[in-house]
Amino acid sequence: MGIHVTLLTAFSAVNRITKSADAALRGITFLGFSDGYDDGFKAGIDYEVYMADVRRRGLEAVATAITASRDNGKPIVHVVYTTLLPWVSRVARDLHVPSTFLWNQPATILDIYYYSFYGYGDVLNERKISDPSWSIELPGLPRLTGHDVPSFLLAPNAYKFALPLFKEHIDTLDEETNLKILVNSFDALELEALQAIKKLNFVAIGPLIPSAFLDGKDPSDNSFGGDLLQKSNDYIEWLDSKPRRSVIYVAFGSNSALAKQQTEEIACGLLDCGRPFLWVMRRKENGYNPATFEAFKKTMLQEFEMTNIELMAHFLGIEVTQSGEEFLSPKAGGGLNLSGYSNSDWGRDLDERKSTIGLVFFVGDTAFTWTSNKQAIVTLSSYEAEYVATNSAVCHAIWLRNVLKHLSFLHELPTEIYVDNRFVVALAKNPDSSRKKQAHQYPLPLH
């Protein structure tokens, strides 16, 4: 007969899972309870209040599921629970059902939390961790710096509710007589971390990914069978069009909210690396019209060969919103003139004697795009190197003006590009300059 699994979670998750789960899937029963957000999370949720509601309603739901299974002659014989739900084990214990904690993150993370609660709290605090020179070597773990520790240990933190729950997890585990913690990891990855704290008794069962992407034994097992958030439908086709192992994948979880500056910095880094990327982000709810956005996306992808148009607002550094049934239009505000700055060194590359250019463009007072890269040719003087850089700036400005035009940022005036070399300025203004004619020796259209 095998094992029958009952999955108990909030209705908001059950509704998503059952819609996409295989209808022929056997051996699994889905049970749900109301967490107060049956249609999904809403913006501005107070997570501390929410987790208190989940505890109150979840305690009742778990107890009901266990007792109902007994009454039906098919008792639940073991409970597996996951992160942020430490109270589940107490309910199970009170009803004389054994339970096991599933930690769905690396073992190293739980080790760090454990040490922060027991024995190392005085050194694993926000004030010390934020010091760039700070580092620590915890038992069984490699030396860690501030960038290596979980952000939950830092303040301020929008998810400060989580840290007490992690401590409650560990305190609850101390009450277990036959303790085992299932960890989403494997020995070859974290052998030392899995053995660092003997009393926790980690059992590695990972990586928890479908068989098609792990060992290939079951090619049909290529999905977890449910998405808690609505997903795009065209990313697989896009991924298939790219070379293997060429795409950078970026995701920060279902609930993480990046600050505007963080998003802009990440976007700039992805653009500068020159690699195709897939960034998982939630679309803004206010003023969003899927049909209009998709039409706009298609236009921009075709005309400008962009790989992720949903980041357009962050690429440009300008807040945009939908206006009626037009594609996108800028929010109210003035001073949105496009201007650029261009510069170059001369022959700094000692191997090829090529120069490096630097460009930055502003919309109003906002620097929204910049680049620094080696020139494709060797120039014979500093003014020629700066002239090549200026040419690149002009080409970039033309492209940007076309992009901004599609966003309803119309620029009737010429775009000013600032250069700090008077010979380049004179060269650009005088088409008959003898110096300019020398540019014909280079295999690029410099003017």
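Residues numbered from 1 in each chain as written. Predicted model: local features only at pLDDT ≥ 70, side-chain atom pairs only at ≥ 80, totals over all residues. Heavy atoms only, no water.

(A) Geometry of the nonpolar core. Trp 103, Leu 124, Leu 138, Ile 181 and Phe 202 are the most contacted members of the largest nonpolar core, which has 48 residues in total. Those elements that place two or more of their residues in this core are helix H2 (47-71), strand S3 (79-81), helix H3 (87-94), strand S4 (99-103), helix H4 (107-117), helix H6 (162-173), strand S7 (181-183) and helix H7 (187-195). Apart from residues no more than four positions distant in its own chain, Ile 181 is found in contact with Phe 101, Trp 103, Leu 110, Leu 173, Leu 200, Asn 201, Phe 202 and Val 203. Ranked by size, the runner-up nonpolar core spans 11 residues in total, among them Phe 361, Val 363, Ala 397 and Leu 400. (Core = buried A, V, L, I, M, F, W, Y, C linked by side-chain atoms within 4.5 Å. Buried < 20%, exposed > 50% of the residue type's maximum accessible area, 1.4 Å probe, protein only. Helix = DSSP H or I, 4+ residues; strand = E, 2+ residues; numbered from the N terminus. Contact = heavy atoms within 4.5 Å.)

(B) H2, seen in detail. Under the 1.5 Å per step criterion, the end-to-end length of H2 is 35 Å for 25 residues, consistent within 8% with the ideal 36 Å. When we look at burial in H2, the residues that qualify are Tyr 47, Tyr 50, Met 51, Val 54, Gly 58, Ala 61, Val 62, Ala 65, Ile 66 and Ser 69. Among the structural elements, strand S1 (5-10), strand S2 (28-33), S3, H3 and H6 are those in contact with the buried residues of H2. N-cap assignment for H2: the residue whose side-chain oxygen lies 3.1 Å from the backbone N of Glu 48 is Asp 46. Directly beyond the C-terminal end of H2, a positive phi value near 80° is found at Gly 73. (Expected span 1.5 Å × (residues − 1). Polar contact = N/O pair within 3.5 Å; in protein donor to acceptor, adjacent residues only side chain to side chain.)

(C) Region of the structure containing the packing of aromatic side chains. Taken as a whole and assessed by the stated rule, the structure comprises 13 aromatic pairs. Between Tyr 115 and Tyr 120, the ring centres sit 5.4 Å apart and the planes meet at 80°, which makes this aromatic pair edge-to-face. What makes Tyr 115 buried here is its relative accessible area of 6%. (Phe/Tyr/Trp six-rings, centres within 6.5 Å; stacked < 30°, edge-to-face > 60°.)

(D) Structural view of the packing of H4 against H7. It is the contact of H4 with H7, at a shortest axis distance of 8 Å, that shows an interaxial angle of 20°. Here H4 lies roughly parallel to H7, going by the angle between them. At the point where H4 passes H7, the crossing takes the left-handed sense. Residues Ala 107, Thr 108 and Asp 111 of H4 lie in contact with H7, whose contacting residues are Glu 190, Ala 193 and Leu 194. (Axes fitted to C-alpha atoms, helices over the stretch in contact; angles between N-to-C directions. Parallel < 35°, antiparallel > 145°, perpendicular 65-115°, else oblique. Left-handed = near helix turned anticlockwise from the far one by under 90°.)

(E) Up close: the sheet that holds strand S14 (residues 356-363). Strand order in this open sheet of four strands is S15-S14-S13-S16, and the pairing throughout is mixed. Lying at the two open borders of the sheet, with one neighbouring strand each, are strand S15 (366-374) and strand S16 (416-419). Put simply, the sheet's adjacent strands are angled 15° from each other on average, direction ignored. Of the strand pairs in this sheet, S14 and S15 are connected by eight bridges, and their pairing is antiparallel. The residue of S15 that forms the bridge with Phe 362 is Ala 367. (Pairing = 2+ DSSP bridges.)

Honestly, that's just the spatial picture; any functional story needs more than this.
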